[in-house]
Number of protein chains: 2
Amino acid sequence: MDIKSLEKAALSSRALSMDAVQKANSGHPGLPLGAAELGAVLYGEILKHDPSDPAWIDRDRFVLSAGHGSMFLYSYLYLSGYKGLTLEDIKNFRQIGSPCAGHPEYGMIAGIETTTGPLGQGLATAVGMAIAETTLAAQFNTAKRNIIDHYTYVLAGDGCLQEGVSSEACSLAGHLKLGKLICYYDSNHITIDGKTDLSFTEDVGKRYEAYGWQVLRGSMYDFEEIARLTEEAKKETGKPSLIILASIIGKGSPNKAGTNGIHGAPLGDEELALTKKALGIPGDFYVAPEAEAYFKVKQEAWKKGRAFWQAEFDAWSEENPELRKDWDFYFSGKAAIPEMPGFNIGDKIATRTAGSKNMEAIARANQNLMGGSADLKSPNAVTLADAKTFSAETPEGRWIHFGIREFGMAAISNGIQLHGGLRAFCATFLAFSDYLRPALRLSALMKQPVIYVLTHDSILIGEDGPTHQPIEHINALRAIPNVTLLRPADAEEAREAWIMAMEKTDGPVLLIMSRQNLTVFEKADPEWENMIRTGAYIVKKPEGAPEVIVIATGSEVNTALDAVAKANANKKVQVVSMISRELFESQPEAIRNAVVPPGVRVVTCEAGSRMGWERWAKPEDIMSIDQFGESGPSSKVAAHFGFTSDALAALIDK
Amino acid sequence: MDIKSLEKAALSSRALSMDAVQKANSGHPGLPLGAAELGAVLYGEILKHDPSDPAWIDRDRFVLSAGHGSMFLYSYLYLSGYKGLTLEDIKNFRQIGSPCAGHPEYGMIAGIETTTGPLGQGLATAVGMAIAETTLAAQFNTAKRNIIDHYTYVLAGDGCLQEGVSSEACSLAGHLKLGKLICYYDSNHITIDGKTDLSFTEDVGKRYEAYGWQVLRGSMYDFEEIARLTEEAKKETGKPSLIILASIIGKGSPNKAGTNGIHGAPLGDEELALTKKALGIPGDFYVAPEAEAYFKVKQEAWKKGRAFWQAEFDAWSEENPELRKDWDFYFSGKAAIPEMPGFNIGDKIATRTAGSKNMEAIARANQNLMGGSADLKSPNAVTLADAKTFSAETPEGRWIHFGIREFGMAAISNGIQLHGGLRAFCATFLAFSDYLRPALRLSALMKQPVIYVLTHDSILIGEDGPTHQPIEHINALRAIPNVTLLRPADAEEAREAWIMAMEKTDGPVLLIMSRQNLTVFEKADPEWENMIRTGAYIVKKPEGAPEVIVIATGSEVNTALDAVAKANANKKVQVVSMISRELFESQPEAIRNAVVPPGVRVVTCEAGSRMGWERWAKPEDIMSIDQFGESGPSSKVAAHFGFTSDALAALIDK
């Protein structure tokens, strides 16, 4: 190991990091200064990667879970020679247009494997990446050749380890015996408020041992020790490893190192000068020539490593044409849409149940669909046909028993999706979407097409009561950018919703499913299967121009059809099923007007809060639920709130 | 210990639970059947309580964290003789109008200390109750008398212990050495999906030891052992205790015990009959006479215990008139509103900073205000003046270093508030309100006036980028019933917002604060300090009738005033500051029309998503941010999104 060069690499990372933060007058120098040695040995000696082909499938993944230390990542991606990242970009740290955003943003630079910043989630997402690696290896490797064989590395700080999401995910990682997951813990004993002993005195190592992890300890400032501990971590193939590295936040700064003052603020001109002097940094945005030379040599070696893999992959492809066909499908990013089960008008079936029948067909046609439920497999009615459960014993399995860990589940699903090769889904009750919301936000921000199956979608679930009855959830989810929320109204719409979800490539899809049975209804629009893709279509069309349009979603389309039958027969009522309000609102005016002609009175009906329906109807024409629910049988709850077809009929006739 | 009677109590609880679930044809018999022995010894022998005065301040608290087992709680509250709970209520389990809801709902029956059902939160909330007990004891007990001296007990299941929120809260509980917190773990190895070994094989005991807890083990079916372990838990005054009780879900059911089939579904007529036969239960909704007699005797003893405390309290009151005065204030549920700092028109100050100055005055006047931040004390600008930090060494402290644990923080805050005597607040970035949202929902459902300080309220925070820039959050929070969201527009409004928050008694208040400086502006309405309590008032009034009304919130009122100065001077523009949209929308029409006269064109401006503004303006007149943000300096981010006073001026002039 070329210690001298690694030292120069660490020096250069420190130099770039503190200058970038100083120039931006904003940012977090504490971690990059404190963990620079790990970066040098990680990017230089440990990672299997090829910056000239950063999308290489069999690369090691590295996740900077402590995303505020983004300059750690940028500086090492730059030093390693990642394509599309220039010194100019680093000089424009935290400026619009620079890929070097305040926190690492997925898609901005190859080498950023996931967006981090919201603490704890990076580590949880890495668990998903390690799951993906494990199952792909089991499915594609042969006795002769390992074409999937890489590690997932994480750098986590105190914040990541305090957040509950990492507890959930790491407990599962231990259960699943993910031996190729290795987490470095930058243990600097400092958080924003001060020393960790203000709030965090638990024995982290013991906790991780309790999860079934191997726990190793060392110093952040000993390259050889870090490399040796990493080898030890790799040798333990039956457990993930936590490597606790004792460190000093802001190391190198004579007056601020070891204090919370350096966590999230520039050093200031004076301290910057003192630090540069102390470290022997001769100028601004300094890159030591020895570091440059070191990485230049590495780049050649990395290319060779990658070429070796390519040769293996080619030979494997030749030997296993069927596997190769599957591989190409897995990594195409495209879904296969199979023949789906049909339903008959008049059938009474919950959309969750109809969804499950569709999902069965989809899961057979898309063997790379992977996921599960947060311990609600049967109530969520999610299934992967006859797929095995993913476990240490059956790593080829695709069903994941996530346990009662919604947030961890969603963050892991992000990781499975981000890894490549697999399509991720997860499931829980709609009311508990709150638990996983921060991870869903990252799915949306990263435009990852994770499918969220959210069942039990309104007060009409009945007896479980207000804690389990969604009120605000549908609108609160719609409000997140890049989210496609689909609330199918019957079994046929549930089928189309599943197809729309599978076809989506650039953002999460939420399938909002009913617990209760709904009647499959006739659709007035013969083109409804096309029109539903605009977000809405006409279910019932009156003779002549409509006097009232009822816009309903999900189970309330049944309510609307019942209401029309009860309303004044002379009233010309059009019923619109709006499976996705946001999607419909984003359509060109002509499409919108064809379904909801302007100037006609609109009544809306959705068993959830009113927010946003004001665009479509006057406040007094919105039928909604704007208070917490009640525990009781579904029909009684509906009657209690006056949320019935009778009430809707009266509103139509008003 | 009268084992025979306890056995009959357990038998009666089982009988009531399975009959109630069967009659409702809905519910969860697994826990009540599996943990009935614990209930008997807990309610009969362990708890210090007085069902004839269930609000007794010094009672022990019991939290059924595994809320689905609600019949466990209802049956023992009934057997213990809690006021206002009848056998008829239990027969109406899960029916509208019965206080025996599907999951325990706070406020429905005295003895339900918190709403549970969303897993993990009960345990976290109990941590808050134990914190409240500890600090109140430190503040009020004297060398002579302990008037606050009770325990907080929890029953948690596998689900509670898998959820990250309990990890966060229990890590903090260990750190804080909460020796009077005792959690029974109903370890039945079964979850909804099947055996816990599908997903949950960690060493829970070791994990809790790592948190700094005492861990004890025993059987669910040995009354004396449970009592002995509880005594051991009490003896360990420097650590919370986890008592792991090995149990069998659905115990008593010959064919379903020990399986997931009995977790959440009625036994069915046949199995119910078999179970009754096996247990020797002679009828429906059976209460054994021995159990009745046993609790009757207990009731007398409990009353005596409570009378003894009352005598102590009276003596203490006499001895400590000053403390008694504080006590009365603490438990009055009312806030003191002190002289608040003034601000001058033209001052430039962030609302978070202005809020902090107000908070300082409020904290001095309300010594029972308790809370803290999730490791963002300085950025959130929250303070309790010169209060000490709450810790094992300084239990009289009121500031809580919650650590990087937002969800745990909010659930703990619910517990502090629910305990009585204290007013709870907590703080984080608005973008991370997603992390704590499930606990906020429970604050709202339980109408607990927890104050949430949520700073860094829009894209205008600048450099930290999209993960830290709220977009959908304000509307997503507004959508929750019973939530009062206040987004003050300058330092003066921040002061009024704090007063409104302190005066609130029946639901959470969210204070949405800016990171950036805002100019204190003149208010056209001389009555604005009253009018702001309606949710909105007129900031700028044109001569004569307005042609355009600009409704803005928070920092955008500054933007609106700048825009009006730039817009066509002949245009008659009225500017309205809407500190709370929901509050304003709930006002009578006359009040609304006085501020926003109908028929006038309205333009809205808020640096967040558009949802709900459609009630006030046409889609093209809504200035909003409906996509994820960007990392860059605040003014550049604003320019990038065209979210400027120039753009608003152009919209006004359109």
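Please read all numbers here as calculations on a predicted model, not as lab measurements.

Definitions and limits used
- Residues numbered from 1 in each chain as written.
- Chains lettered and ligands numbered in written order.
- Predicted model: local features only at pLDDT ≥ 70, side-chain atom pairs only at ≥ 80, totals over all residues.
- Heavy atoms only, no water.
- Phe/Tyr/Trp six-rings, centres within 6.5 Å; stacked < 30°, edge-to-face > 60°.
- Helix = DSSP H or I, 4+ residues; strand = E, 2+ residues; numbered from the N terminus.
- Buried < 20%, exposed > 50% of the residue type's maximum accessible area, 1.4 Å probe, protein only.
- Lys NZ or Arg CZ within 6 Å of the ring centre and 35° of its normal.
- Pairing = 2+ DSSP bridges.
- Axes fitted to C-alpha atoms, helices over the stretch in contact; angles between N-to-C directions.
- Domains from an automatic or database assignment.
- Contact = heavy atoms within 4.5 Å.
- Buried area = accessible area lost by both parts, 1.4 Å probe.
- Salt bridge = Lys/Arg side-chain N within 4 Å of Asp/Glu carboxyl O.
- Nonpolar A, V, L, I, M, F, W, Y, C, P; charged D, E, K, R; others polar.
- Least-squares fit on C-alpha atoms with pLDDT ≥ 70 in both.
- Core = buried A, V, L, I, M, F, W, Y, C linked by side-chain atoms within 4.5 Å.

Enumeration over the complete set of coordinates arrives at 52 aromatic pairs over all chains. Here the aromatic rings of tyrosine 43 of chain B and phenylalanine 62 of chain B are separated by 5.9 Å at their centres, their planes lie at 80°, and the arrangement is edge-to-face. Taken together, the residues span a long stretch of sequence, with tyrosine 43 of chain B in helix H3 (residues 36–46) and phenylalanine 62 of chain B in strand E1 (residues 61–64) at a distance of 19 residues. We classify tyrosine 43 of chain B as buried; its relative accessible area is 1%. Joined through ring pairs, the aromatic side chains of Trp56, Phe140, Trp309, Phe313, Trp316, Trp327, Tyr330 and Phe331 of chain A make up one cluster. Residue placement shows lysine 234 of chain A over the ring face of tyrosine 151 of chain A; its charged tip is 4.8 Å from the ring centre.

On to the sheet that holds strand E3 (residues 181–187) of chain A. Residues and elements named next belong to chain A. In spatial order, the strands read E1-E2-E3-E7-E6; together these 5 strands make up an open sheet with parallel pairing. Only two strands of the sheet have a single neighbouring strand rather than two, namely strand E1 (61–64) and strand E6 (214–219). On average, each strand axis in the sheet is inclined to that of its neighbour by 20°, with strand direction left out of account. Pairing of E3 with strand E7 (residues 241–246) involves 6 bridges; the strand directions are parallel. The residue bridging cysteine 183 from the neighbouring strand is leucine 242, located in E7.

This part covers the domain arrangement of chain A. Residue and element names in this part refer to chain A. Structurally, chain A comprises domain 1 (3–303), domain 2 (348–519) and domain 3 (534–653). For domain 1 versus domain 2, the distance between C-alpha centres works out to 32 Å. Listed as interface residues are 30 residues of domain 1 and, on the opposing side, 31 residues of domain 2. With both sides pooled, the region where domain 1 packs onto domain 2 buries about 2500 Å², and carbon together with sulfur makes up 70% of that total. Viewed at the interface, domain 2 and domain 1 are joined by 0 salt bridges. Elements with a minimum of two residues in the side of domain 1 that touches domain 2: helix H6 (121–140) and helix H8 (164–175). Ranked by the residues each element gives to the side of domain 1 that touches domain 2, the list is headed by H6, at 14 residues.

Turning to the pairing of strand E9 (residues 369–373) of chain B, a few remarks are in order. Residue and element names in this part refer to chain B. Of all the 5 residues making up E9, 5 are buried; the element is thus mostly covered by neighbouring parts of the structure. In E9, alternate side chains face the same way, and those of Leu369, Gly371 and Ser373 on one face and Met370 and Gly372 on the other are all buried. Direction of pairing for E9 relative to strand E11 (residues 423–429): parallel, over a ladder of 5 bridges. Within E11, the position partnered with glycine 372 by the bridge is cysteine 426.

All names here are of chain A. Sheet architecture is open: 6 strands sit in the order E10-E9-E11-E12-E14-E13, paired in parallel fashion. At either end of the open sheet lies a strand with only one pairing partner, and these are strand E10 (399–401) and strand E13 (484–486). Sheet twist, expressed as the mean angle between neighbouring strand axes with direction ignored, is 20°. Here strand E12 (residues 451–455) runs beside strand E14 (residues 509–513); their pairing, made up of 5 bridges, is parallel. Paired with valine 453 across the strands is leucine 511, a residue of E14.

Here we take up the packing of H3 of chain B against helix H12 (residues 289–319) of chain B. Residues and elements named next belong to chain B. Two elements in contact, H3 and H12, have axes separated by 10 Å at closest approach and are oriented at 40°. Contact residues: H3 offers Tyr43, Gly44 and Glu45, while H12 offers Tyr294, Phe295, Lys298 and Trp302. In terms of residue class, the contact of H3 with H12 is built from 4 nonpolar, 1 polar and 2 charged.

With that settled, consider the pairing of E1 of chain B. Two faces make up the sheet, and in a regular strand the side chains alternate between them. Residue and element names in this part refer to chain B. Judged by which residues are buried, E1 turns out to be covered on both faces: Arg61 and Val63 on one side and Phe62 and Leu64 on the other are all buried. Sheet topology places E1 next to strand E2 (residues 152–156); 4 bridges connect them, and they run parallel. Note that in E2 the partner of arginine 61 across the bridge is threonine 152.

Residues and elements named next belong to chain B. The backbone phi angle of asparagine 25 is positive, close to 55°, even though this residue is not glycine. Within the element layout of this structure, asparagine 25 appears in the loop between helix H1 (3–24) and helix H2 (30–34). The phi dihedral of alanine 381 is positive, around 55°, even though this residue is not glycine. Relative to the assigned elements, alanine 381 resides in the loop between helix H15 (377–380) and strand E10 (399–401).

Applying the stated criterion across every chain, the model contains 75 salt bridges over all chains. Here lysine 276 of chain B makes a salt bridge to aspartate 19 of chain B, at a shortest N to O gap of 2.8 Å. A residue pair is termed long-range when its members are at least 10 positions apart, and lysine 276 of chain B in helix H11 (residues 269–279) and aspartate 19 of chain B in helix H1 qualify at 257 residues. For the pair shown, lysine 276 of chain B and aspartate 19 of chain B are each scored as buried. Each of the salt bridges in this network shares a partner with another, and the network as a whole consists of Arg495, Glu496, Glu503, Glu529 and Arg533 of chain A.

Further remarks concern the relation of the copies chain A and chain B. Rotating chain A by 180° about the axis while translating it 0.0 Å along that axis superimposes it on chain B, leaving an RMSD of 0.0 Å. Considering both components of the superposition, the chain copies are consistent with a two-fold axis.

Judged by nonpolar contacts, the single largest core of 167 residues is most densely connected at Ile131 and Tyr208 of chain A together with Ile131 and Tyr208 of chain B. In this structure, tyrosine 208 of chain B is in contact with Leu123, Leu161, Ser166, Cys170, Trp213, Val215 and Leu242 of chain B, ignoring residues within four places of it in sequence. Phe343, Ile362, Val382 and Trp528 of chain A belong to the second-largest nonpolar core, a separate cluster that totals 78 residues.

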